[in-house]
Amino acid sequence: MEPATGRQPPLLEVVDLHTHFVTPRGIARAVDGVSFRLERGRMLGIVGESGSGKSVLSRSIIDILARDGTVRYRGQVVFEGRDLRQLPPKAMRDVRGRDIAMVFQDPMTSLNPVMKIGLQLTEVLTRRRGFSARAARTRAIELLNAVGIADPERQLACYPMHLSGGMRQRVAIAIALAGEPKLLIADEPTTALDVTIQGQILDLLQRLQRQRNMAVILITHDLGVVAGYADEVAVMYAGQIVERSETGELLRRPRMPYTEALMKSVPLMSAPPHTRLQSIPGLPPNLLDVPGGCRFHERCRYAREDCSERMPPLTAKSGSDHHFACWYPLAAGAEA
Amino acid sequence: MAYLRKRLLHLIPVFFLVTFASFTLVNLLPGDVVDAILADDQAANDPELRRQIKADLGLDKPLLVRYVVWLGDLSQGDLGRSYITGKKIGDLLVQRIPVTLQLMVMSLVFALLLAVPLGILSGYRSNRAIDRWISGGAFGIVAIPPFVTAILFIWVFAVLLDLLPAAGHAPMFFGVWQNLKYFILPMLAIGLSEVPIFLRVLRVDMITTLQEDYIALARAKGLSTPYILFRHALRPSLFTLVTVLGLQVGRLISGLVIVENVFALPGIGKLLIDAIDARDVLVVQAIVTFSAIAYVVINLTVDVLYAILDPRVSQRPGMA
Amino acid sequence: MADDSILSVKNVSVEYLTESGRFAAIQNMNFDLGEGETLGLVGESGCGKSTTGRAILQLPRPTSGQVVFDSVDLTRIPQRDMRPIRRRLQIIFQDPVSSLNPRRKVKDIVAEPLVIAGVGTRSDRDAKVREVLSAVGVDPDISMDRRPHQFSGGQCQRICIARALILEPTLIVCDEPVSALDVSVQAQILNLLEDMKARYGLTLLFISHDLAVVKNISDRVAVMYLGKLCEIADSGRIYDSPAHPYTAGLIASIPVFDAGSSGRGERAVLAGEIPSPLSPPSGCRFRTRCRFAQQKCREEEPPLRQIDERHHVACHFPLLA
């Protein structure tokens, strides 16, 4: 242990993580050199489009990608001072579901359709935390109450199909909470839900995060979701984090052109009808064949010659916590 | 259970169709039961005697009339008497069915005990070495028909090693082991031939299931791999297997006929062959009817099993 | 029906028979669409917005009511007479990849409506295909002989739009056309629809669950809830001063990140779940989730009434601007 200097190590520190998939057509660099830290009780939003690697990153952290022999990892995932990549499988199982829990995008598919809600909730308690069947049931009812499910005792005997999408996502959150996790990873938890339900679920996640001083990684494609809830944001593009900062700072003063372009391509509620959107030309790169240099250079309107030659590192100016990976960043004073 | 009632109503036309078709087909068999009864007798050439026998058996009447008479008797639980031995066919079946049923159940249980764990393992480690070995082995078995394995087993276990009897049967009252040892080789012969199909089907479903989010969630819960495979993944992966199981029973019935004859097991398979040899039409008819009903009942059970496997089949939520 | 309306939907209901009786997917829908106008149709799942779009194309024909397109009541004409009308009435779907036949070449997919309509010679058609493909931003030289799987989702949606445009229709029903796309690609398609609208003089019915997208593209917006129209008004107006509590709740639910709004605002999130459309609440269908609901809302169904020029709302107690 470190001597008591007053500085706690971060809850989670990801160091130069690579997750590559071996495919018949080559190596897909889904996550390619990602580093970040997350302190206790904070919510980190990870934003990116499809194929940016945000979901693979979340699954890499708790190592639940399919074990079909096609996954290649490199780098470290340090949780409370231990590198999870070096843990034996048994110890890693203790981390999953207890220290780190996960909520998935679509509650239609993330709950087992042929198992009752009760068992899906209590099995974590009885099998991982040594609860008796009776105690687990009591605890399960408490958990369902905590996530705002009415009449929890009756719900235990239901199958997922009997619940609405919003209710299922609440159950999925209750399952995640059963292990009393220190870190909750929510992978697009509201994308499959209606807007009015989306707000309810995000509010619930935020309330639980604060009550339990839980760290949360919120993965989303929606900048609006991040803006309303996350303490800090990381923007991913083609398997890398290209910008990372405190939320307000990042949204007010994006430095990486991709972040700016992403923000400008979203229709704003405050803009009048028929406002021309600034779309990003081209397509995100093919992960089997990523461009050299900065991965965004082909679509970047500020790109210069050397952008295609050298890859910009993710760095911050001294004294600032605003990290970005760009040779020619946007002016720090410019408002988005 | 309105669904079940509807299925049962559908069975009525099926029953008439199957019994009438088999009645017609059996009667189209070349040869004559009179030849079998009179065997090598010179009397075989006596036309008057022949007509007399036919009239006694009711064979002088038209096919349709005989079918209706047969149906009438059947409705009173009378399957008729064997033309050859004069024994009641109902009694014959009651003697023979348990033997066949025991062989069938043992074979299926054996096949599933082998196929389910191997299928799960194969799906879990798909395209790895262990999966290739299992799949390769399965292909090997598929290539050999059951009667060849049957003969091979007799040669190895009965002739070379002298561990098990080559053929025959001992009823239960001789003791459980006495009874079972006659069943082991036929069970292996039939069961093994079913393993590859069960295994392949389960493997494919298992691979699909293991890619589901709820499996990822189960892993994220920190549950152990065997628990995830058996509790979370197995049940949703059983659909095709259960369907195939129902369909295979039909094939199994034909397999039983051959294997029972090879091992001289007195089940209905052996009875069927003997009856066909003797043109004992009513016996053949009874067996065909029985197998058809058994087949339909088994597939009905399969439908019920679907509902048990997946609550979504029987209970629909409010919104369609 | 206003003079400049090209489409008029009058009292349209679509009902289905289910195991538990009749169920109305949409009930008494009423709205007009002016020539060259874009009407946005928003609502949550199960509100009947897609059913409305399809009812206009007579897919299926509505159970009751009239759909008057260019002075012809589509619900009364025989199927045979529907054919020439379909040329001027096109639809674009949510999932571009699955709405293109994977085995056919792009040029055949785009030309198909021409072939069915029996328009032009082969070389005429090829020229027309080139023109629309270029218009939607797909290079005809590269794309014509390829098949859909060789394109991204955004490119496939462009091809779908080209197919819809080739007969130079008057009205296009766009059913969630950008919901399956990433934000950066979504912006490309929204801009493209605006361009095509100007170039081909189109009228659009734009169906979406995303209020920000609808606001961006629409002149007017109609809000639906459980098979009924709640409110319809010009888009500037409806977003600034919604009169129906549901519209207000829907707008408040959208997480925004506009400059200055970052950090956490207190948002009035709508409570409760969407009731099953199979057994909607009595009276006003929204009352179970409405903060302002009173006894009257339970007993009496509010009719759609005009509260201002071009602003209609179905609420007993509309919010005041």
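Residues numbered from 1 in each chain as written. Chains lettered and ligands numbered in written order. Predicted model: local features only at pLDDT ≥ 70, side-chain atom pairs only at ≥ 80, totals over all residues. Heavy atoms only, no water.

**Here we look at the overall build of chain B**
Applied cut-off: Helical segments are the DSSP runs of H or I of at least four residues, strand segments are the runs of E of at least two, and each set is numbered from the N terminus. To sort residues, take the accessible area from a 1.4 Å probe on protein chains only and compare it with the maximum for the residue type: under 20% means buried, over 50% means exposed, and anything in between is partly exposed. Contact definition: two residues touch when any of their heavy atoms are within 4.5 Å. Surface exposure here means Shrake-Rupley accessible area, sampled with a 1.4 Å probe, where a residue is shielded only by the protein chains that are shown.
Of the regular secondary structure elements, chain B holds 14 helices and 0 strands. The helix and strand sequence of chain B, counted from the amino end, reads α-α-α-α-α-α-α-α-α-α-α-α-α-α. For chain B, the spread of C-alpha atoms along the three principal axes comes to 85 × 60 × 35 Å. Residue burial in chain B is summarised as follows: out of 320 residues, 44% are buried. The long-range share in chain B, meaning contacts at least 24 apart out of those at least 6 apart in sequence, stands at 72%. Approximately 16300 Å² of chain B is accessible, and the part contributed by carbon and sulfur atoms is 69%.

**Describing the overall build of chain A**
Counted only if it meets this: Throughout, radius of gyration means the C-alpha value; the globule benchmark is 2.2 Å times the number of residues raised to the power 0.38. Just so you know, the count uses Lys and Arg for positive and Asp and Glu for negative, and it drops His and the chain ends. A single reference atom marks each charge: NZ on Lys, CZ on Arg, CG on Asp, CD on Glu.
Each helix and strand in chain A was counted, giving 11 helices and 12 strands. Its C-alpha atoms give chain A a radius of gyration of 21 Å, near enough to 20 Å, the size a compact globule of 336 residues would have. Within chain A, the fraction of its 336 residues that count as buried is 58%. A fraction of 65% describes how many contacts in chain A between residues 6 or more apart in sequence connect residues 24 or more apart. Entry remark: accessible area of chain A is about 13500 Å², with carbon and sulfur atoms responsible for 50%. Within chain A, the 36 negative side-chain charges are centred at a point lying 5 Å from the centre of the 43 positive side-chain charges.

**Digging into the sheet that holds strand β6 (residues 100-103) of chain A**
All names here are of chain A. Put simply, the test is: We treat two strands as partners when DSSP finds at least two bridges between them. The angle between two axes is taken between their N-to-C directions and runs from 0 to 180 degrees, where each axis is a line fitted to C-alpha atoms and a helix contributes only its stretch in contact.
A sheet is described by the order of its strands in space; here 8 strands give the open sequence β6-β7-β8-β3-β9-β10-β12-β11, paired in mixed fashion. Each edge of the open sheet carries a strand with a single partner, namely β6 and β11 (315-316). Against the sheet, helix α7 (residues 165-177) contacts β6 and β7 (183-187), and its axis sits at roughly 170 degrees relative to β6.

**Structural notes on the nonpolar core**
Residues and elements named next belong to chain A. Spelled out, the test is: Remark: nonpolar core denotes a set of buried residues (Ala, Val, Leu, Ile, Met, Phe, Trp, Tyr, Cys) joined through side-chain atoms within 4.5 Å.
Leu12, Phe36, Ile61, Leu183 and Ile217 are the most contacted members of the largest nonpolar core, which has 80 residues in total. By residue number, the principal contributor to this core is α7, which donates 8 residues. When neighbours within four sequence positions are excluded, Ile217 is seen to be in contact with Leu12, Phe36, Leu38, Leu44, Ile46, Ile61, Leu183, Leu184, Ile185 and Ala186.

**Let's talk about the packing of aromatic side chains**
How two aromatic rings sit relative to each other is given by the distance of their centres and the angle of their planes. Convention followed: Pairing of aromatic rings covers Phe, Tyr and Trp, the last counted by its six-membered ring, and requires centre-to-centre distances within 6.5 Å; plane angles under 30 degrees mean stacked, over 60 mean edge-to-face, and any other angle means tilted. Definition used: whenever NZ (Lys) or CZ (Arg) falls within 6 Å of the ring centre and also within 35 degrees of the ring normal, the charge is taken to sit over that ring.
What the rule picks out here adds up to 12 aromatic pairs over all chains. Between B:Phe153 and B:Phe157, the ring centres sit 5.8 Å apart and the planes meet at 55 degrees, which makes this aromatic pair tilted. Remark: B:Phe157 and B:Phe153 occur in helix α7 (residues 146-160); sequence separation between them is 4 residues, near one turn of the helix. Through pairs of rings, three or more aromatic residues link up here, namely A:Tyr237, A:Tyr258 and A:Phe296. Positioned over the ring face of A:Tyr73 is A:Arg85, at 4.3 Å from the centre of the ring. The ring of A:Tyr328 has A:Arg304 lying over it, and the distance from NZ or CZ to the ring centre is 3.8 Å.

**Points about the interface of chain C and chain A**
Where we set the bar: When two parts are brought into contact, each loses some accessible area as probed by a 1.4 Å sphere; the total of that loss over both is the buried area. The term salt bridge refers to a side-chain nitrogen of Lys or Arg lying within 4 Å of a carboxyl oxygen of Asp or Glu. Each polar contact in these results corresponds to two N or O atoms within 3.5 Å; when the atoms are within protein, one needs to be able to donate a hydrogen and the other to accept it, and residues that are neighboring in sequence are counted only if both atoms are side-chain atoms.
Between chain C and chain A, the contact holds 47 residues from the first and 49 residues from the second. In total, chain C and chain A occlude about 3900 Å² of area from one another, counting both sides; carbon and sulfur atoms represent 54% of this. The interface formed by chain C and chain A includes 1 salt bridge. Run the count over chain C and chain A and you get 18 residue pairs in polar contact (both at pLDDT 80 or more).

**Quick word on the state of the cysteines**
Residues and elements named next belong to chain C. Definition in use: Cysteine sulfur atoms that come within 2.5 Å of each other are treated as a disulfide pair.
Tallied over the full model, the rule gives 0 disulfides over all chains. Cys284 carries a free sulfur, and the closest cysteine sulfur to it, the one in Cys297, is 5.9 Å from it. With a relative accessible area of 11%, Cys284 lands in the buried category.

**Points about the pairing of strand β8 (residues 215-220) of chain A**
Residues and elements named next belong to chain A. Spelled out, the test is: Handedness is read with the strands pointing away from the viewer; a crossover is right-handed when the path from the first strand over the helix to the second is clockwise.
Most of β8 is tucked away, with 6 of its 6 residues classed as buried. Along β8, one buried face is formed by Ala215, Ile217 and Ile219 and the opposite face, lined by Val216, Leu218 and Thr220, is buried too. Taken together, the 5 bridges between strand β3 (residues 43-47) and β8 define a ladder with parallel strand orientation. Residue pairing in the sheet places Gly45 in a bridge with Leu218 of β8. In terms of strand pairing, β7 meets β8 through 5 bridges, oriented parallel. In the strand pairing of β8, Ile185 is matched with Ile217. Read as a crossover between parallel neighbours, the route from β7 over helix α8 (residues 195-212) to β8 is right-handed.

**Some details on the environment of B:Leu11**
All names here are of chain B. Within the secondary structure, Leu11 sits in helix α1 (residues 2-28). In the structure, Leu11 is positioned 286 residues away from Val297 in sequence and 9.3 Å away in space, judged by C-alpha atoms. Non-local contacts of Leu11, meaning those with residues more than four positions away in its chain, are made with Val296 and Leu300.

**Examining the interface of chain B and chain A**
As a reminder, the rule being used: Throughout this entry, Asp, Glu, Lys and Arg are counted as charged residues, while Ala, Val, Leu, Ile, Met, Phe, Trp, Tyr, Cys and Pro are counted as nonpolar. The remaining residues, Gly among them, count as polar.
In this complex, chain B contributes 24 residues to the contact, which on the side of chain A involves 32 residues. For the pair chain B and chain A, the summed buried area comes to about 2800 Å², and 55% of that belongs to carbon and sulfur atoms. Where chain B touches chain A, the interface holds 2 salt bridges. With a shortest N-O distance of 2.7 Å, A:Glu123 and B:Lys221 are connected by a salt bridge. At the surface where chain B touches chain A, the tally comes to 14 residue pairs in polar contact (both at pLDDT 80 or more). Breaking the side of chain B that touches chain A down by element, the ones donating at least two residues are α9 (213-220), α10 (225-233) and α14 (311-314) of chain B. The element contributing the most residues to the side of chain B that touches chain A is α9(B), with 6 residues. Classifying every residue of the side of chain B that touches chain A gives 11 nonpolar, 5 polar and 8 charged.

**A word on the sheet that holds strand β1 (residues 12-23) of chain A**
Residues and elements named next belong to chain A. Strand order in the open sheet formed by 4 strands is β2-β1-β4-β5, and the pairing between neighbours is antiparallel. Bordering the open sheet on either side are β2 (26-38) and β5 (82-83), each of which pairs with just one other strand. Here helix α1 (residues 54-61) sits on the sheet in contact with β1, β2 and β4 (71-79), set at roughly 110 degrees to β1.

**Structural notes on the pattern of salt bridges**
Residues and elements named next belong to chain A. Tallying each qualifying case throughout the model produces 44 salt bridges over all chains. For Glu180, the salt bridge is made with Arg212, and the minimal N-O distance between the two is 3.7 Å. Taken together, the residues Glu180 in the loop between α7 and β7 and Arg212 in helix α8 connect sequence positions 32 residues apart. For Glu180, a relative accessible area of 37% corresponds to the partly exposed category.

**Considerations on helix α4 (residues 63-75) of chain B**
Helical geometry note: an α-helix holds 3.6 residues per turn, so side chains three or four residues apart project in the same direction. Residues and elements named next belong to chain B. The test is simple: Each residue after the first adds 1.5 Å to the expected span of a helix. Of all possible arcs, the one meant is that of the directions from the helix axis to the C-beta atoms.
Between its first and last C-alpha, α4 extends 18 Å over 13 residues, near the 18 Å set by a 1.5 Å rise per residue. Along α4, the residues that are buried comprise Arg66, Tyr67, Trp70 and Leu71. For α4, the arc enclosing every buried residue in end-on projection is 140 degrees, short of the 170-degree limit, so these residues lie on one face. Across α4 from its buried face, at more than 90 degrees, point the exposed residues Val68 and Ser75. Where α4 ends, the next residue or the one after it, Gly77, has phi of about 75 degrees, a positive value.

**Topic: the confidence of the model for chain B**
All names here are of chain B. Short version of the rule: Scored from 0 to 100, pLDDT records how confident the predictor is in each individual residue.
Averaged over all residues, the pLDDT of chain B is 83; the fraction at 70 or higher stands at 93%. This model gives residues 316-320 a pLDDT under 50, and the stretch forms 6 contacts once residues within four places in sequence are excluded. What the predictor reports for the complex is a pTM of 0.84 with an ipTM of 0.86.

**What to know about the pairing of β4(A)**
Residues in a regular strand project their side chains so that they alternate between the two faces of the sheet. Residue and element names in this part refer to chain A. Note that β1 and β4 share 8 bridges and pair antiparallel. Paired with Phe21 across the two strands is Val71, which belongs to β4. Two elements, β4 and β5, share 2 bridges in a ladder whose sense is antiparallel. In the sheet register, Val78 faces β5, and the bridge partner there is Asp83.

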